[in-house]
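# Observations on the three-dimensional arrangement
Listed here are the chains, written in short residue letters.
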Amino acid sequence: MVYDLLFRTASETLLTIAADPKHLGARSGATAVLHSWGSAMTHHPHLHMIVPGGGISLDGTHWVHCRPGFLLPVRVLSRLFRRLFLTRLADAHAAGRLAFFGKIQDLHHREAFAAHLAPLRRKKWFVYGKPPFAAPEAVLAYLARYTHRVAISNSRLVGLDDRGVTFGFKDYRRNGRSGFAR
């Protein structure tokens, strides 16, 4: 449910801002890949999206190029995404389409869920926009990194013994310094 919401909201956000004549004024598109962990090896669902550098004009007659080095304003994308995602998440909760287990099982109560979402409404959310790719081969290489690898690659494995596996990770709470976990 939540991953579907993530894809739908990201897509709608992109298409809405791209269609706005103040920004691109075109119908654009995207290819999106779900990435469910961060480099600290924690659950951190997010999407990697490949977006063309423009779109079809709203009247369907021609291609609209983005400005050089600039596709869409990331601050505008971030704010719209946050608003849409949190609103739809709250709607899904109100409709009984979310389930909670273990330590978070109390979130099934309306008041607890609202209190849980409240700080997220004030927090800054970030859309990160990268510069365009040099060629189609670069697009394929980028997508392959996110569709054909596992969370703990061989390069992160540090040790194996009778007690378990030790692997390396980046700890962003400590300015990205490396850490180890078993």
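A brief structural summary. (Residues numbered from 1 in each chain as written. Predicted model: local features only at pLDDT ≥ 70, side-chain atom pairs only at ≥ 80, totals over all residues. Heavy atoms only, no water.)

## Remarks on the pairing of strand 4 (residues 54-57)
- Judged from the 2 bridges that link them, strand 1 (residues 26-27) and strand 4 form a sheet pairing that is antiparallel. In the strand pairing of strand 4, A26 is matched with S57.
- With 3 bridges joining them, strand 4 and strand 5 (residues 63-65) adopt antiparallel strand pairing. Paired with G55 across the bridge in strand 5 is V64.
- Hairpin connection, strand 4 to strand 5: the antiparallel pair is bridged by 5 residues, and G60 has positive phi, about 75°. (Pairing = 2+ DSSP bridges. Helix = DSSP H or I, 4+ residues; strand = E, 2+ residues; numbered from the N terminus.)

## Considering helix 2 (residues 74-94)
- Taking 1.5 Å as the rise per residue, helix 2 with 21 residues should run 30 Å; its terminal C-alpha atoms sit 30 Å apart, in good agreement.
- Taken together, the buried positions of helix 2 are L77, S78, L80, F81, R82, L84, F85, L86, L89, A92 and H93.
- Of the surrounding elements, those touching the buried residues of helix 2 are helix 1 (2-19) and helix 3 (110-122). (Expected span 1.5 Å × (residues − 1). Buried < 20%, exposed > 50% of the residue type's maximum accessible area, 1.4 Å probe, protein only. Contact = heavy atoms within 4.5 Å.)

## A word on the nonpolar core
- Counting residues in each nonpolar core, the largest one holds 14 residues, and the members touching the most others are F85, L89, L98 and F113.
- When contributions to this core are tallied by element, the ones reaching two or more residues are helix 1, helix 2 and helix 3.
- In terms of residue count, helix 2 provides more of this core than any other element does, 5 residues in total.
- Once residues lying within four places of it in the same chain are set aside, the contact partners of F113 are L89, A90, H93, L98, F100 and L107.
- Of all hydrophobic cores here, the second largest spans 10 residues; its members include L14, L24, A26 and L80. (Core = buried A, V, L, I, M, F, W, Y, C linked by side-chain atoms within 4.5 Å.)

## With respect to the sheet that holds strand 5
- The 3 strands are arranged 1-4-5 in an open sheet whose pairing can be described as antiparallel. Bordering the open sheet on either side are strand 1 and strand 5, each of which pairs with just one other strand.

## Considerations on the pattern of salt bridges
- For the structure on display, the rule yields 3 salt bridges.
- The residue R8 makes a salt bridge to D4 at a minimum N-O spacing of 2.8 Å. Pair noted here: R8 and D4 are both in helix 1, with a separation of 4 residues, about one helical turn.
- Given a relative accessible area of 55%, R8 falls into the exposed group. (Salt bridge = Lys/Arg side-chain N within 4 Å of Asp/Glu carboxyl O.)

## A closer look at the packing of aromatic side chains
- Scanning all chains against the criterion turns up 4 aromatic pairs.
- Relative to W125, the ring of F85 lies with its centre 6.1 Å away and its plane at 55°, an arrangement referred to as tilted. Within this pair, whereas F85 is found in helix 2, its partner W125 is found in the loop between helix 3 and helix 4 (136-147), the two being separated by 40 residues in sequence.
- Seen in terms of ring centroids, F100 and F113 are 5.8 Å apart; in terms of plane orientation they differ by 50°. Their pairing is tilted. In this pair, F100 is assigned in the loop between helix 2 and helix 3 and F113 in helix 3, connecting sequence segments 13 residues apart.
- Through successive ring pairs, a cluster of aromatic residues spans F81, F85 and W125. (Phe/Tyr/Trp six-rings, centres within 6.5 Å; stacked < 30°, edge-to-face > 60°.)

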